[in-house]
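Take a look at the letters that make up each chain.
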Amino acid sequence: MEAKKNISIVGAGLVGSMWACFMAKKGHNVNVFERRGDMRVKEVDAGKSINLALSTRGWQALKELGMEAELKKIAIPMKGRMIHQEDGTQDFQPYGKEGQAIYSISRGELNKALMNRADEDSNSVFHFDYKCEHVDFEHKTLKFSTHDGEIRTISSDYIFGADGAFSAVRYDMQRTHNFNYSQQFLEHGYKELCIPPNADGTHKLEKNALHIWPRKSFMLIALPNLDGSFTVTLFLQFKGKESFETLDEDHEIIPFFEKYFPTALQHIPDLIKDYKENPTGSLVTVKCSPWHYKHACLLGDAAHAVVPFYGQGMNAGFQDCYVLNNLLDKYKDKEWEDVFEIFSEEHAKNGQAIADLAVRNFIEMRDDTADDHFLQRKKLELNLMNTYPDLYKSQYQMVTFTTEPYYDALTKGDEQTDFAEQLLNEFPNKEDWNNSAFDKKVRNRFLVFKISDKHREYFYLFFKCINK
Ligand code: FAD
């Protein structure tokens, strides 16, 4: 049996709490240090979204912990995007094939469920109001300032930084040799608002959809909650003509919503209160590599903070836990620091890929979801996925409904999108999407994909010539 290790996890957010479950399940002594209080005792403002979209990668990790069934009970399936056009019409775009959905879930409830699960295991202990101030990688110690004003030093065998986008563990790694790091803020921020339930507790908008009001340089989205309400998020530039800077007073906020979001405004009775009381959050992309140094390893946003437009930040963090847990099983005979290296080498490029995909999806949600050509391509892609389910997966499908590495979803997905564009140019009419010329074109293309990667390029060029 593997020797018990003393594990310190910094951060009891979604990813730190999940990693505590995985580590405790393996029988190690786990100590989790969180700078805030215990959210199970007193509601603490996470300063982040109230609900989140949970998809296949996240579910895979939760399933491994045996938590899927329990959490499905408090999650609402969203089968597609409901686009609210400027003229007041609505257009429902399914996310995937029949039966596929992403799930809206409360961040707080999910976090508490993970903490409770870790707590059920006598191997793990949570320490709240412990703020990590410094990591000494040479001596494997962590320095914390605590609620009583003390500074405590904790020794451990292994250290995991799951302390979010502005990670203290990563901050100290940045000062080590060969550590690459970049941070990019979006010029947009976000603010949360609320659509309350109907008097009978039902939802005011379609419950099983993620609602989007795309307006080119800004947008509003809404995700359903179990109590019949929707959490609404306004994404808007910080500066400029119509921005958080200029929309400050009641007489500025209301006309803005009347002009651009009248169909949402009618359901937001406390707009001014919500707008003024709720903080304006910023959105940051963090990329770094490697994700480890000596006996320490980063997980979740600490390793890869991404903007929220693909709904993948938490899902990616949960996938980190799943992947690293499996690598530790696979390489039982290796030292953990060597496994961290493998994890980092194989996986850091995936963090970078989802960061890029998330920025792109912002542009897609904001600008393209109301664009006719884009909508036609989405319909064509849906047709391809239904007619050739074994051959065609859109980029969105790969990211959201598979556990394929994000890097592959980025590269293969781009090829698929290009191909869908080519098809759309050649077959602009929906009526032709089942004819023999269309079928031939698709099959020829995917014959290429069935052939080994080595020869794919040659065949691709060959078929490109004969299809001209
Ligand atoms: P965090 O949630 O940031 O948790 C880090 C924890 O570490 C916190 O509890 C913090 O208090 C603690 N901590 C920080 N510093 C210290 C320190 N020095 N010492 C001790 N403790 C410390 N993702 C999705 O998958 N789907 C979505 O729909 C989605 N929507 C989002 C919407 C918005 C508006 C935003 C901002 C993000 C969204 N995300 C979404 C991303 C998701 O919130 C993050 O990816 C996820 O919270 C990362 O979890 P984490 O545990 O790595 O980090």
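Preceding this paragraph is the structure being described.
Along each chain, numbering runs from 1 in the same order as the chain's sequence is written. The predicted nature of this model means local features are confined to residues of pLDDT at least 70 and side-chain atom pairs, given and counted, to a pLDDT of 80 or more, with totals for whole chains, interfaces and linings taken over all residues. Side-chain descriptors were evaluated using all non-hydrogen atoms of the structure, hydrogens and water having been removed beforehand.

Caption draft 1: Molecular detail of the overall build of the protein chain. Counting its secondary structure elements, the protein chain contains 15 helices and 19 strands. The reference for a compact globule is 2.2 Å times residues^0.38; the radius of gyration itself is calculated from the C-alpha atoms. A compact globule built from 468 residues should have a C-alpha radius of gyration of about 23 Å, and the protein chain, at 24 Å, falls within 12% of that. In terms of its C-alpha atoms, the protein chain occupies a principal-axis envelope of roughly 70 × 65 × 40 Å. Only protein chains enter the calculation, and the probe is 1.4 Å; a residue is then buried if its accessible area is under 20% of its type maximum, exposed if over 50%, and partly exposed in between. Relative to its 468 residues, the protein chain shows a buried fraction of 53%. Residue contacts follow a heavy-atom distance rule, with two residues in contact if any of their heavy atoms lie within 4.5 Å. Within the protein chain, contacts between residues at least 6 apart in sequence are counted, and of these 69% link residues at least 24 apart. Reported accessibility uses the Shrake-Rupley method at a 1.4 Å probe radius. Residues are deemed covered only where the shown protein chains occlude them. Counting only carbon and sulfur atoms, one obtains 49% of the accessible surface of the protein chain, whose full area is about 21,200 Å². Residues counted as positive are Lys and Arg, residues counted as negative are Asp and Glu, and His and the chain ends are not counted. Note on charges: their place is set at NZ of Lys, CZ of Arg, CG of Asp or CD of Glu. Of the side chains in the protein chain, 58 bear a positive and 70 a negative charge, and the two mean positions are spaced by 4 Å. Each helix is a run of DSSP H or I of at least 4 residues and each strand a run of E of at least 2, with the numbering of both proceeding from the N terminus.

Caption draft 2: Quick look at the sheet that holds strand β15 (residues 218–224). Pairing between two strands is assigned when DSSP locates at least 2 bridges connecting them. Spatially, seven strands are ordered β6-β5-β14-β15-β16-β13-β17 in an open sheet, and the strand pairing comes out mixed. Either end of the sheet is taken by a strand with one partner, and the two such strands are β6 (90–94) and β17 (281–289). Ignoring which end each strand starts from, the neighbouring axes of this sheet average 25 degrees apart. For strand β13 (residues 180–195) and β17, the ladder comprises eight bridges, and the chain directions are antiparallel. Bridge pairing in β17 places Gln 183 opposite Val 286. For helices, the fitted line uses only the C-alpha atoms of the stretch in contact; every axis is such a line through C-alpha atoms, and the angle between N-to-C directions lies from 0 to 180 degrees. Contacting β5 (80–84) and β6, helix α11 (residues 372–387) crosses the sheet at an angle of about 35 degrees to β6.

Caption draft 3: Seen up close, the sheet that holds strand β4 (residues 76–78). Reading across from one edge, β3-β7-β4 is the order of the three strands in this open sheet, with antiparallel pairing throughout. Each having just a single partner strand, β3 (51–54) and β4 make up the two edges of the open sheet. The mean angle between the axes of side-by-side strands here comes to 35 degrees, regardless of whether they run parallel or antiparallel. In this structure, β3 lies alongside strand β7 (residues 102–106), joined through four bridges in antiparallel fashion. The partner of Ala 53 across the bridge, within β7, is Ser 104. Against the sheet, helix α4 (residues 107–120) contacts β3 and β7, and its axis sits at roughly 80 degrees relative to β7.

Caption draft 4: Geometry of the side chain of Gln 395. The residue Gln 395 is located in helix α12 (residues 395–401) in this model. If we skip the residues at most four places from it in the chain, Gln 395 touches Tyr 310, Leu 357, Arg 360, Ala 409, Leu 410, Gly 413, Asp 414 and Thr 417.

Caption draft 5: Local environment of helix α9 (residues 313–330). A rise of 1.5 Å per residue sets the reference length of α9, with its 18 residues, at 26 Å; its end C-alpha atoms lie 26 Å apart and thus fit the reference within 8%. Along α9, 14 of the 18 residues are buried, which leaves the element largely enclosed by surrounding structure. A helix's residues, less one, multiplied by 1.5 Å, set its expected span.

Caption draft 6: Local environment of unusual backbone geometry. Cis peptide bonds are those with omega within 30 degrees of zero, and the linkage from Ser 289 to Pro 290 qualifies with -5 degrees. Residue placement: Pro 290 occurs in the loop between β17 and β18 (292–293). Phi at Lys 140 takes a positive value of approximately 55 degrees, unusual for a residue other than glycine. Looking at where Lys 140 falls in the secondary structure, it is placed in the loop between β9 (130–136) and β10 (141–146). At Lys 216, a position not held by glycine, the phi torsion is positive, near 65 degrees. Counting through the fold element by element, Lys 216 comes out in the loop between β14 (209–215) and β15.

Caption draft 7: Geometry of the pairing of β9. For β9 and β10, the ladder comprises six bridges, and the chain directions are antiparallel. Following the sheet pairing, Lys 131 is matched in β10 by Ser 145. Counting the residues that bridge the hairpin from β9 to β10 gives four residues, and of these Lys 140 lies at a positive phi of roughly 55 degrees.

Caption draft 8: Inspection of the environment of Phe 235 at higher detail. Following the sequence through the fold, Phe 235 ends up in strand β16 (residues 230–237). Sequence separation between Phe 235 and Gly 189 is 46 residues; the distance between their C-alpha atoms is 5.7 Å. The residues contacting Phe 235, other than those within four sequence positions of it, are His 188, Gly 189, Tyr 190, Phe 218, Met 219, Ile 221, Leu 283, Pro 308 and Phe 309.

Caption draft 9: Highlighting empty space enclosed by the protein. Both site types are read off a 1 Å grid over the protein atoms alone. A 1.4 Å probe that fits but cannot get out defines a cavity, while an open set with protein on both sides within 12 Å along at least five of seven lines defines a pocket; lining residues have an atom within 4 Å of a point. Grid points are joined across faces, edges and corners, and a volume is the space filled by probe spheres set on the points. In this structure the tally under the stated criterion is one cavity of 30 Å³ or more. Within this model, the largest cavity holds a volume of roughly 30 Å³. Together, Trp 291, His 304, Ala 316, Gln 319, Asp 320, His 347, Asn 350, Gly 351 and Tyr 406 line the largest cavity. Elements that contribute at least two residues to the lining of the largest cavity include exactly α9 and α10 (336–368). Charged residues are taken to be Asp, Glu, Lys and Arg, nonpolar residues to be Ala, Val, Leu, Ile, Met, Phe, Trp, Tyr, Cys and Pro, and polar residues to be all remaining types, Gly included. Its residues placed into classes, the lining of the largest cavity shows three nonpolar, five polar and one charged.

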